[in-house]
Amino acid sequence: FRMYEKLAGMTGTAETEEQEFFQIYGLEVAVIPTNRPVVRVDEEDRIYKTRREKYNAILDEIEQVHTEGLPVLIGTVTVEVSETLSRQLKRRGLKHEVLNAKYHQREAEIVAGAGQRGSITIATNMAGRGTDIKLGPDVSKAAITHGLQIIGTERHESRRIDRQLRGRSGRQGDPGRSLFFLSLEDDLMRLFGTDRIAGWMDKGGAEEGEVISHRWVTGAISQAQKRVELQNFQSRKRLLEYDDVMNQQRDVVYSLRLFALERGEQLKAEATRMVDQAVERLVTMALLEADRPEQFDRDGLVSALLQQFLISADAVTDTARAPTREAILAAAREAGHQTLRRKLDYLQDFARQVGAVDVEAQVLSTVMLTVLDEKWKDHLYDLDQLRHAIQYRAYGQRDPLVEYKKEAFEMFEDLMRDVHATFTERFLKIQVSAEPQQPLGRRPGPPRAQTPTPAPASGADDLFAPEARMAPPPEIGPRLPPPPVLTTNRGPLAPSGGSTPAVGRNDPCPCGSGRKYKKCHGAGG
């Protein structure tokens with residue numbers, strides 16, 4: 001939601017959460033007065049020692065209100081409590097309706113009759129919200145204690161839910177009454193305030209079924225609710241701080257996707273940058289352990305560039321032209337640029353042969369989008385696993401959020417290096433082919449990708465030999481040639497951006513060396 005420039009909302013219970021609205025979304029809460037004055041009577045809570053005593057008191061209250069001919073709505077926290085009360089009402093012979101998730105198909109009918117004279121409706125907190133319960137014409141409005149009677153079976157940990165239950169009565173100036181029944185065995189009471197209230201009841205010699213009803217007790221419960229709400233808010237805020245890290249990384253990845261979708265000169269510039277980054281990473285890792293120029297493994301570097309990216313960098317072996325580490329890097333980059341230009345020329349030649357348009361941009365966009373989406377999905381899974389495991393750092397007196405930010409940044413750097421290397425490898429090795437057209441009158445079948453012949457080890461230039469290109473398909477009438485089917489050495493690649501089969505880190509390397517991928521071509525990524 002924070003990605004929108006403007007936000008607005010409307011709810012009847014936003015006032016209790018105004019601090020969260022302001023801190024998270026920067027929104028202020030404005031209270032709009034009711035159309036008509038609220039004449040509903042909100043009575044003090046009634047507290048009992050045990051749940052059994054509480055339920056007996058609730059049933060007695062329902063029976064008394066029912067004999068007066070007033071409609072009553074019983075609010076429950078769970079479906080199980082609603083069914084328990086339903087069974088007890090049946091034993092007393094009181095006809096009623098149950099409004100919960102199990103009977104949602106009759107919700108409108110039940111709500112329509114909930115305000116009629118003598119009706120009894122049991123509803124969960126989530127059922128029937130947002131609808132007005134209209135009082136029947138025979139329900140007296142002479143006194144403010146009449147109208148819809150709200151009975152709550154316990155307090156929710158959020159004051160908003162309790163206010164929503166109370167707010168089902170007394171709408172548009174209608175009379176009504178609300179009353180909550182609690183016990184010391186309720187979840188909220190066990191978490192906060194139980195010992196103090198139990199002490200009051202013991203000192204006062206409370207007997208079976210005796211009730212405590214005092215504004216101090218009600219105030220203590222409200223304070224307990226505020227503490228629970230604060231804890232929940234802190235949890236949501238903490239979760240938001242973790243999500244902020246992912247949002248920052250998502251902005252970077254999505255900006256790259258925009259480049260891939262534009263298919264213009266900016267896309268070529270981004271592709272060049274990725275090739276530069278991949279080549280620089282490979283050169284840096286290859287020369288990492290060498291302290292002096294004479295220790296540089298120039299032949300190994302040339303072989304690695306050729307095997308992983310099909311980049312022929314013969315100038316790297318010339319000590320006169322590339323005496324230093326920086327000169328070697330510059331020579332490798334220039335070789336990468338030349339290979340990239342030859343690949344683009346190859347795609348342009350293919351487009352002219354088959355009469356296609358924009359093949360070069362299509363291939364660039366497809367490969368880049370495929371790599372980004374594939375790696376980003378894996379990265380999101382890794383971040384999720386990190387967020388769950390990082391909590392254990394607290395045992396070592398470390399802030400999990402700080403540790404998460406640190407490790408997530410390192411993982412993102414690895415992600416970008418992996419994207420650069422994978423894009424460079426796939427694009428520079430890609431070959432394009434097109435299926436011949438079907439004869440007139442026949443429905444063309446699905447395109448089939450042709451398996452490319454592995455490039456010989458003599459150099460990257462062999463990829464662009466004339467015999468490596470397919471002959472143009474025969475022209476039959478005015479029909480346009482089908483779109484090219486893109487293939488890589490890892491399998492077919494759909495023009496729309498379909499994913500390619502992935503190679504696991506512990507799988508055998510596709511180059512046929514017999515080593516694991518992470519120890520061979522995967523080491524440079």
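Just so it is clear, the structure is predicted and the values come from calculations on it, not from any experiment. (Residues numbered from 1 in each chain as written. Predicted model: local features only at pLDDT ≥ 70, side-chain atom pairs only at ≥ 80, totals over all residues. Heavy atoms only, no water.)

Let us look at the overall build of the chain. A count of helical and extended segments in the chain gives 13 helices and ten strands. Restricting the contact set of the chain to residue pairs at least 6 apart, pairs at least 24 apart contribute 73%. A total accessible area of about 29200 Å² is found for the chain, and carbon and sulfur atoms account for 51% of it. (Helix = DSSP H or I, 4+ residues; strand = E, 2+ residues; numbered from the N terminus. Contact = heavy atoms within 4.5 Å. Areas by Shrake-Rupley, 256 points an atom, 1.4 Å probe, with all protein chains shown as cover.)

Pairs may arise between side chains of opposite charge once their charged atoms sit close together. Counting across every chain of the model gives 34 salt bridges. One salt bridge in this structure joins Arg40 and Asp42, with 2.7 Å as the shortest N-O distance. A residue is classified by how much of its surface remains accessible, and Asp42, at 38% relative accessible area, is partly exposed. Notably, a salt bridge pairs Glu407 with Arg393, separated by 2.4 Å at the nearest N-O pair. With Glu407 in helix H13 (residues 400-429) and Arg393 in the loop between helix H12 (359-389) and H13, this pair connects stretches of sequence that are 14 residues apart. Among the residues examined, Glu407 registers a relative accessible area of 23% and is labelled partly exposed. The class of Arg393 is partly exposed, set by a relative accessible area of 26%. Among the ionic contacts, a cluster of salt bridges with common partners joins Glu43, Arg46, Glu61 and Arg177. (Salt bridge = Lys/Arg side-chain N within 4 Å of Asp/Glu carboxyl O. Buried < 20%, exposed > 50% of the residue type's maximum accessible area, 1.4 Å probe, protein only.)

Glancing now at a nonpolar patch on the surface. A contiguous nonpolar patch, built from Phe1, Tyr4, Leu7 and Tyr25 and spanning about 480 Å² of accessible area, is present on the exposed surface. With respect to the helices and strands, the residue Tyr4 is situated in the segment before helix H1 (18-25). Residue class for Tyr4 comes out exposed when judged on its relative accessible area of 60%. (Patch = residues over 30% accessible without salt bridge, like charges linked within 9 Å, V, L, I, M, F, W, Y side chains within 5 Å.)

Let us look at the packing of helix H9 (residues 265-286) against H12. Where H9 meets H12, the axes come as close as 11 Å, and the angle between the chain directions of the two elements is 50 degrees. In terms of orientation, H9 lies oblique with respect to H12. Two packed elements cross with a definite hand, and for H9 against H12 that hand is left-handed. Seen from H9, the contacting residues are Leu267, Lys268, Glu270, Ala271 and Met274; seen from H12, they are Glu360, Ala361, Leu364, Ser365 and Met368. (Axes fitted to C-alpha atoms, helices over the stretch in contact; angles between N-to-C directions. Parallel < 35°, antiparallel > 145°, perpendicular 65-115°, else oblique. Left-handed = near helix turned anticlockwise from the far one by under 90°.)

Bringing the confidence of the model for the chain into the picture now. On average, the chain scores 80 in pLDDT, and the residues at 70 or more come to 77%. Throughout residues 445-501 the model reports pLDDT below 50, and contacts reaching past four residues in sequence, or to other chains, amount to 111 contacts. (pLDDT = per-residue confidence, 0-100.)

In the contact formed by helix H8 (residues 215-262) and H13, the axes pass within 10 Å of each other and the chain directions differ by 15 degrees. With respect to their mutual orientation, H8 and H13 come out roughly parallel. As for how H8 packs across H13, the hand of that crossing is right-handed. Along its contact with H8, which presents Arg238, Glu241, Tyr242, Val245, Gln249, Val252, Val253 and Leu256, the element H13 presents Pro400, Leu401, Tyr404, Lys405, Ala408, Phe409, Phe412, Leu415 and Met416. When its residues are assigned to classes, the contact of H8 with H13 shows 13 nonpolar, one polar and three charged. (Nonpolar A, V, L, I, M, F, W, Y, C, P; charged D, E, K, R; others polar.)

Now for the pairing of strand E3 (residues 72-76). The two faces of the sheet receive side chains in turn, since in a regular strand these alternate between them. For E3, a buried count of five out of five residues is recorded, marking the element as mostly surrounded by other parts of the structure. Pairing between E3 and strand E5 (residues 120-124): five bridges, direction parallel. Counted as the bridge partner of Gly75 is Ala123 from E5. (Pairing = 2+ DSSP bridges.)

Its location among the elements puts Thr16 in the segment before H1. A polar contact of 3.3 Å, which involves the side chain of Thr16, links it to the backbone oxygen of Thr13. When neighbours within four sequence positions are excluded, Thr16 is seen to be in contact with Arg159, Arg160 and Arg163. (Polar contact = N/O pair within 3.5 Å; in protein donor to acceptor, adjacent residues only side chain to side chain.)

Tracing the backbone shows Val275 in helix H9. Relative accessible area serves as the criterion here: at 1%, Val275 is assigned to the buried category. Between the alpha carbons of Val275 and Thr424 there is a distance of 5.4 Å; along the sequence they are 149 residues apart. Ignoring any residue separated from it by four or fewer positions in sequence, one finds Val275 in contact with Gly336, Leu340 and Thr424.

The next point concerns unusual backbone geometry. Although it is not a glycine, Leu310 sits at a positive phi angle of roughly 60 degrees. Structurally, Leu310 can be placed in the loop between helix H10 (298-309) and helix H11 (325-354).

Turning to the packing of aromatic side chains, a few remarks are in order. Inspection of every chain in the model, using the stated rule, returns four aromatic pairs. Centroid distance Tyr392 to Tyr395: 6.3 Å. Interplanar angle 25 degrees. Geometry classified as stacked. The residues Tyr392 and Tyr395 share a single accessibility class, namely exposed. Between the aromatic rings of Phe423 and Phe427, the centroid separation amounts to 5.7 Å while the plane-to-plane angle is 5 degrees, which identifies the pairing as stacked. Remark: Phe427 and Phe423 occur in helix H13; sequence separation between them is four residues, near one turn of the helix. Phe427 carries the same exposure label as Phe423, and that label is buried. The side chain of Arg155 reaches across the aromatic face of Phe180, ending 5.2 Å from its centre. (Phe/Tyr/Trp six-rings, centres within 6.5 Å; stacked < 30°, edge-to-face > 60°. Lys NZ or Arg CZ within 6 Å of the ring centre and 35° of its normal.)

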